[in-house]
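Reading the structure
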Amino acid sequence: MIALDLQAFERGTLAAPHGFSPRSGGVSGAPFASLNLGASVGDAAPAVAENRRRVRAAFGVPEARWMTASQVHGAQVLVAGRDPVGAEGDALVADDPTWALAISAADCLPVLLLDVRTGAVGAAHAGWRGAVAGVVGATLEVMAARYGTAAADVRAWLGPAIRGACYQVGPEVVDAAIAAGAPEDAVRPDRGAAGRWRFDVPALVRAQLIAAGVPAEGVATSATCTHCAADRCFSHRRDAGRTGRHWAVLRPPG
Ligand SMILES: [Zn+2]
């Protein structure tokens, strides 16, 4: 059995098992080469199953304890152990360390949250639509209601995502971003294209977390742009929709 080394996952500094899956180390062929974890992108099912097996083994969590969602760019939060695995939603929470949370992405921002006081965790899928819809605030609210999480105790890692320099959007997106609290550095006019903007979703989410009470020094952001890092990352925009998916994984500390 071939295993994946956890060292191959990009990680932040959260004091809990977590990581963003690498692009390599799997069995899928182009354009999904090689560690595609998306089951509905056109890749062969046996290849995806083997790739997922490798990721599960790297974290040492059996298949039945992986909480995932059918992501729809909304703000619905699913609770591990209460809601069905794979139900519709864009964020997951847990406080039981036998669970692993997995968010699927290939440009959209994965947001991993750890309550350092209670050990509860949350994971959100925040593309621009989800971020504007308030998925990150909704995740914090569910963690507060279920686990007693106080935002001051939350540490966050914003994983690899398409960054502002590579993410051109139109005015309708900019209006929504500003209404959702985007700071000045998150939306800039594109000097090369009239009426177009460059939108940095991680900058918006960072501002949303801080506005919700998460300490600024507790929010770390990956330096990886999925669009730039073709050797390490799938990118939906760069690859015109025909590409694989990563998992951003987080477990409550045991
Ligand atoms: Zn880039």
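Located above this text is the structure these notes cover.
Right, let's walk through the structure included here. This structure is a prediction, so every number in the text was calculated from the model and none was measured.

**Examining the overall build of the protein**
Within the protein, the secondary structure is distributed over five helices and 13 strands. Taken over C-alpha atoms, the radius of gyration comes to 17 Å for the protein, in line with the 18 Å a tight globule of 254 residues would show. Along the first, second and third principal axes, the C-alpha set of the protein runs to 55 × 45 × 30 Å. Here the protein, with 254 residues, has 52% of them falling under the buried criterion.

**What to know about helix α4 (residues 171-179)**
The periodicity of an α-helix, 3.6 residues per turn, causes residues three or four places apart in sequence to face the same way. Residues of α4 that are buried include every one of Val173, Val174 and Ala177, and no others. Down the axis of α4, the smallest arc covering the buried residues is 100 degrees, so these residues share one side. Facing away from the buried side of α4, by more than 90 degrees, are the exposed residues Pro171, Glu172 and Ala179. Looking at the buried residues of α4, the elements they touch are α2 (128-133), β9 (168-169), β10 (187-189), β11 (197-199) and α5 (201-211).

**Topic: the environment of Ala64**
Tracing the backbone through its elements, the reader meets Ala64 in the loop between α1 (45-59) and β2 (66-67). The exposure class of Ala64 is exposed, given the 8 C-beta atoms found within 10 Å. Note: C-alpha distance between Ala64 and Leu250 (186 residues apart in sequence) is 15 Å.

**Remarks on unusual backbone geometry**
Excluding glycine, a negative phi dihedral is what most residues carry, and trans is how most peptide bonds are arranged. Backbone torsion omega between Ala30 and Pro31 reads 0 degrees, so that peptide bond is classified as cis. Note the cis peptide between Ala33 and Ser34, where omega equals -15 degrees. Along the chain, Ser34 falls in the loop between β1 (18-20) and α1. Despite not being glycine, His73 shows a phi value in the positive range, around 60 degrees. Mapped onto the elements, His73 comes out in the loop between β2 and β3 (77-79). The phi angle at Asp107 is positive, at roughly 130 degrees, despite the residue not being glycine. By the secondary structure assignment, Asp107 is in the loop between β5 (100-105) and β6 (109-115).

**A closer look at the pairing of strand β8 (residues 154-158)**
Extensive coverage of β8 is indicated by the burial of five of its five residues. Side chains Val154, Ala156 and Leu158 of β8 all project onto a buried face; the interleaved residues Arg155 and Trp157 project onto the opposite face, where all are buried too. Pairing between β6 and β8: five bridges, direction antiparallel. When the sheet's bridge partners are listed, Asp115 is paired in β8 with Val154.

Cut-off values and rules
- Residues numbered from 1 in each chain as written.
- Predicted model: local features only at pLDDT ≥ 70, side-chain atom pairs only at ≥ 80, totals over all residues.
- Helix = DSSP H or I, 4+ residues; strand = E, 2+ residues; numbered from the N terminus.
- Rg over C-alpha atoms; globule rule 2.2 N^0.38 Å.
- Buried ≥ 20, exposed ≤ 12 C-beta atoms within 10 Å, placed from the backbone.
- Arc of directions from axis to C-beta.
- Contact = placed C-beta atoms within 7 Å.
- Pairing = 2+ DSSP bridges.

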